[in-house]
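Each chain, written out:
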Amino acid sequence: MTAGRGRRRACVLAALAGVVLLPAMAAAETITVQVTKFSFVPASVTAKVGDTIEWVNADFVDHTATAANKGFDVKLPANKSGSVTVKKAGTFPYFCRFHPMMKGTITVKK
Ligand SMILES: [Cu+2]
């Protein structure tokens, strides 16, 4: 009888710990990249799986953030923003389809 109650209390404590810890572990961030004067600033960003990369286009022309491996192709109209949520670890070079000299890199860690 007493042993059973003790085990149940341990289960409740474990469940409470899970409730407290999970939101902290799942917290995803948004990393902002400015698109200005035909360049990505900063050109290299580091993110974790689940984070969102947001590009804010401050230029008066359209740009894109297009992965070299075609994993994403985000349109960035003049004075607008666009974003992508990264789901895999790795290094992802990207460029602008309209101005291929515009280049950036997203490094995603687990
Ligand atoms: Cu461009």
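One can find the structure itself at the top, above this paragraph.
Remember, predicted model here, so these are calculated numbers, not experimental data. (Residues numbered from 1 in each chain as written. Predicted model: local features only at pLDDT ≥ 70, side-chain atom pairs only at ≥ 80, totals over all residues. Heavy atoms only, no water.)

Trainee: Any details on the coordination of the copper ion? Residues and values, ideally.
Mentor: Reference values for angles at a metal are 109.5 degrees in the four-donor tetrahedral case and 90 or 180 degrees in the six-donor octahedral case. Only His 63 (ND1), Cys 96 (SG) and His 99 (ND1) from the protein reach the copper ion as donors, at distances of 1.9 to 2.1 Å. Donor residues for the copper ion, ordered by position in the chain, follow H-x32-C-x2-H. Separated by 33 residues along the polypeptide, His 63 in strand β5 (residues 63-67) and Cys 96 in the loop between β8 (90-95) and β9 (103-109) bring together distant segments of the chain. Here His 63 and Cys 96 have matching classes, each one buried. (Donors = N, O, S within 2.8 Å, 3.2 Å for Na, K, Ca; no water. Helix = DSSP H or I, 4+ residues; strand = E, 2+ residues; numbered from the N terminus. Buried < 20%, exposed > 50% of the residue type's maximum accessible area, 1.4 Å probe, protein only.)

Trainee: Could you give an account of the nonpolar core, naming the residues involved and the relevant values?
Mentor: Phe 40, Ile 53, Trp 55, Phe 72, Tyr 94 and Ile 106 are the most contacted members of the largest nonpolar core, which totals 21 residues. Mapped onto this core, the elements with two or more residues apiece are β1 (30-36), β3 (44-48), β4 (52-57), β5, β6 (73-76), β8 and β9. Setting aside its immediate chain neighbours within four residues, Ile 53 contacts Ile 31, Val 33, Val 45, Ala 47, Gly 82, Ser 83, Val 84, Val 86 and Ile 106. (Core = buried A, V, L, I, M, F, W, Y, C linked by side-chain atoms within 4.5 Å. Contact = heavy atoms within 4.5 Å.)

Trainee: Outline the sheet that holds β1, supporting the account with residue identities and numerical values.
Mentor: Ordered in space as β2-β1-β4-β7, the four strands form an open sheet in which the pairing is mixed. The open sheet is flanked by β2 (39-41) and β7 (81-85), the only strands paired with a single partner. If you compare each strand with its neighbour and ignore which way they point, the axes differ by 25 degrees on average. Across three bridges, the pairing between β1 and β2 is antiparallel. Its bridge partner being in β2, Val 35 is matched across the sheet by Phe 40. (Pairing = 2+ DSSP bridges. Axes fitted to C-alpha atoms, helices over the stretch in contact; angles between N-to-C directions.)

Trainee: Describe in detail the sheet that holds β8, supporting the description with residues and values.
Mentor: Spatial ordering of the open sheet is given by β3-β9-β8-β5-β6, a layout of five strands whose pairing is mixed. Each edge of the sheet is formed by a strand with only one pairing partner; in this case those strands are β3 and β6. In this sheet, adjacent strand axes meet at a mean angle of 20 degrees when their direction is disregarded.

Trainee: Give me the environment of Gly 50: which residues, what numbers.
Mentor: Following the sequence through the fold, Gly 50 ends up in the loop between β3 and β4. The spatial distance from the C-alpha of Gly 50 to the C-alpha of Lys 110 is 8.9 Å, given a sequence separation of 60 residues. Not counting the four nearest positions on each side in its chain, Gly 50 is found in contact with Ala 28, Thr 85 and Val 86.

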